[in-house]
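# Summary of structural features
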Amino acid sequence: LLALYSEGLEPQLMLLRSLVDVEGEAGAVGGAPHRMTGGVRVLMLLICSGFNACLLNVANFMVTSYTSPVTLQVLGNVKSCLSIAVSVAIFGNPLSVEQGMGVF
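As the structure is a prediction and not an experimental result, all values here were calculated from the model.

Attention now moves to the overall build of the protein chain. Scanning the protein chain from terminus to terminus reveals five helices and two strands. The helix and strand sequence of the protein chain, counted from the amino end, reads α-α-β-β-α-α-α. Of all 104 residues assigned to the protein chain, the portion counted as buried reaches 5%. Of the contacts made within the protein chain by residues no fewer than 6 positions apart, 6% connect residues no fewer than 24 positions apart.

Here we take up a nonpolar patch on the surface. Together, Val70, Val74, Val78 and Leu82 give the surface a local cluster of nonpolar side chains, amounting to about 360 Å² of exposed area. Relative to the helices and strands, Val78 resides in helix α4 (residues 69–91).

Moving on: the environment of Gly100. With respect to the element layout, Gly100 can be found in helix α5 (residues 97–103). Judged by relative accessible area, Gly100 falls into the buried class, the value being 14%. Between the alpha carbons of Gly100 and Ile84 there is a distance of 9.3 Å; along the sequence they are 16 residues apart.

This part takes up the confidence of the model for the protein chain. For the protein chain, the average pLDDT comes to 75, and 64% of its residues sit at 70 or higher. For the stretch residues 22–30, pLDDT sits under 50, and the model shows seven contacts to residues farther than four places along the chain or on other chains.

In the contact formed by helix α3 (residues 39–66) and α4, the axes pass within 7 Å of each other and the chain directions differ by 125°. By the angle between their axes, α3 is oblique relative to α4. Packed against α3, whose contacting residues are Asn60, Val63 and Thr64, the element α4 presents Pro69, Leu72 and Leu75 at the interface. Along the lines of polarity and charge, the residues of the contact of α3 with α4 split into four nonpolar, two polar and no charged.

Quick look at the side chain of Ser87 now. Within the element layout of this structure, Ser87 appears in helix α4. In this structure Ser87 comes out as buried when scored by relative accessible area, which is 19%. Every residue in contact with Ser87, bar those within four places of it in the chain, is listed here: Gly92 and Asn93.

Before going further, it helps to spend a moment on α4. Here α4 spans 32 Å end to end across 23 residues, near enough to the 33 Å set by a 1.5 Å rise per residue. At the exit of α4 stands Gly92, carrying a positive phi of roughly 70°.

Parameters and conventions
- Residues numbered from 1 in each chain as written.
- Predicted model: local features only at pLDDT ≥ 70, side-chain atom pairs only at ≥ 80, totals over all residues.
- Heavy atoms only, no water.
- Helix = DSSP H or I, 4+ residues; strand = E, 2+ residues; numbered from the N terminus.
- Buried < 20%, exposed > 50% of the residue type's maximum accessible area, 1.4 Å probe, protein only.
- Contact = heavy atoms within 4.5 Å.
- Patch = residues over 30% accessible without salt bridge, like charges linked within 9 Å, V, L, I, M, F, W, Y side chains within 5 Å.
- Areas by Shrake-Rupley, 256 points an atom, 1.4 Å probe, with all protein chains shown as cover.
- Salt bridge = Lys/Arg side-chain N within 4 Å of Asp/Glu carboxyl O.
- pLDDT = per-residue confidence, 0-100.
- Axes fitted to C-alpha atoms, helices over the stretch in contact; angles between N-to-C directions.
- Parallel < 35°, antiparallel > 145°, perpendicular 65-115°, else oblique.
- Nonpolar A, V, L, I, M, F, W, Y, C, P; charged D, E, K, R; others polar.
- Expected span 1.5 Å × (residues − 1).

Next comes the structure, spelled out in structure tokens:
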């Protein structure tokens, strides 16, 4: 409901249009029949994504309950630094001195 309120109806309509493929020629009169194209796959991906987000929240709350919010913030900063370092090491992304000093 929050997405509907903040973004309007357009994103939901785009998702529905991606699930339904219109058959028939362009400009056909009377409306063409609709059939699902990959609808089950898209819905399964949405469900898996929602389940993954739920598990992430549960893990976040568990780490916070076992440690402290400050520890969680420090771990988040370490994760950011490590992801940038891995990106530079694996993908060869350029990193200037100023960027490196700002990260670390």
